[in-house]
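# Structural description and commentary
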Amino acid sequence: MERRPGVPRLLREINDRAALELLLTEGPMTRGQIGDLTGLSKVTASQTLARLEERGLVEVVGTQAGGRGPNAALYAVVSSSAYVAGLDVGPQMVSTAIADIHGRTLAEVTVSPDGNDDPVAVVHSAVVKACKSARVSLSKLRGVVIGTPGVVDPRSGDVRFSFDLPAWHEGIHEALARDLKREVTIENDVNLAAVAERSAGAAKGVDNFVLVWAGRGLGMAVVLDGKLHRGRSGSAGEIGYLPVPGVPLPEDVRAVPGRLPSLAGGLQSLVSAEAVAELAQGYGFAGVADAVAAGERGEPLLDEIAHRLALGVASVCVVLDPGMVVLAGDVGKAGGRALTERVEEAVARICPIRPEVVTTAVEGNPVLRGAVLAALEQAREELFAS
């Protein structure tokens, strides 16, 4: 008979992973509950928990009363078994959050680069300050995800181009990993906002949607079949460059050493926060929120903003047919339902697809939240595989 000495070990690894995943997603459970939900026998469930306890990954956190006999022990994943860091890096501020393996935020720190344009120094300082605030050793971090504006090359992991962060270039990804002595992931900030939206926002559980971010810049994240679609070069979703009828095209978008590319023209010139603020002033409002509060008097401004947004949304919908469009960023949040309803109507007038258009529902900083969630996914995978 053929002997397969690796099978028992493989089965143990599968059982250990199943128990850890269950405890992380569902919370504290008894041995019997773990056995029932994983299909493991009582003996196997006990052996699995004993191994995980010995490795310092699970612990008894209480008891649960049952029928006759003693109370059953409740097991949970040890919070200190791994920590993660998520960062939202912008030109003026860097926000960092430290979370435990359960996703509980232990500290959130925002610092200014103070003119320092060295990405490695800026990130190192931000992570160290956040770890100190959370009372977590830097060596305990198992996942670090950094959100930045711009195009991130999915092959190298480097920022290929960022108008707001010109010092972030090829080689920074490797330099950050070397400095922090662990793997680091750089991701487009709008993509991370979409990760947060699908986890705990308006697109929770939705497999196909796009998130349109209208703020200082204009960007879009594409989620297809539950996964981010980045494109071959990482440029999927750069709708600021979308040609729009009646609007001049950018003169030259190429990134050339010593010269920043032109961002004038295209959809960006119509619905960025700066463009919308200028439009609002022409209607006699300080901003979108004021127009919403003004009721009927603010409707013409909202109609115009919705029309402009619809040009981009309709273009995306006839290609991807996403089903749901989430409006985020300063403009999307300020416009709320008054704006989303108008965008939905405007899109339906100019294309055969009528997507559901909703406002972002993520509390706090969605980019930072998405970075933490992405880091947690990495840390848990490492924990399961260890």
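Residues numbered from 1 in each chain as written. Predicted model: local features only at pLDDT ≥ 70, side-chain atom pairs only at ≥ 80, totals over all residues. Heavy atoms only, no water.

## Considerations on a nonpolar patch on the surface
Together, L10, L11 and I14 line one region of the surface with nonpolar side chains, adding up to about 270 Å² of accessible area. Structurally, I14 is set in helix α1 (residues 6-26). (Patch = residues over 30% accessible without salt bridge, like charges linked within 9 Å, V, L, I, M, F, W, Y side chains within 5 Å. Areas by Shrake-Rupley, 256 points an atom, 1.4 Å probe, with all protein chains shown as cover. Salt bridge = Lys/Arg side-chain N within 4 Å of Asp/Glu carboxyl O. Helix = DSSP H or I, 4+ residues; strand = E, 2+ residues; numbered from the N terminus.)

## Things to note about the sheet that holds strand β6 (residues 105-111)
Spatially, β6-β5-β4-β7-β10 is the arrangement adopted by the five strands of the open sheet, whose pairing is mixed. Each edge of the open sheet is held by one strand with a lone partner, namely β6 and β10 (185-188). Adjacent strand axes in the sheet meet at a mean angle of 20 degrees, parallel and antiparallel pairs treated alike. Note that strand β7 (residues 141-148) and β10 share four bridges and pair parallel. When the sheet's bridge partners are listed, I146 is paired in β10 with I186. Packed on one face of the sheet, helix α6 (residues 189-200) meets β7 and β10 and runs near 90 degrees to β10. (Pairing = 2+ DSSP bridges. Axes fitted to C-alpha atoms, helices over the stretch in contact; angles between N-to-C directions. Contact = heavy atoms within 4.5 Å.)

## So, unusual backbone geometry
You will see that K181, though not glycine, has its phi angle at about 60 degrees, which is positive. The exposure class assigned to K181 is exposed, which follows from its relative accessible area of 70%. Phi at D225 takes a positive value of approximately 55 degrees, unusual for a residue other than glycine. Structurally, D225 can be placed in the loop between β12 (218-224) and β13 (227-228). On the basis of relative accessible area, D225 is assigned to the exposed category, the value being 62%. (Buried < 20%, exposed > 50% of the residue type's maximum accessible area, 1.4 Å probe, protein only.)

Remember, this is a structural readout, not a statement about activity or role.
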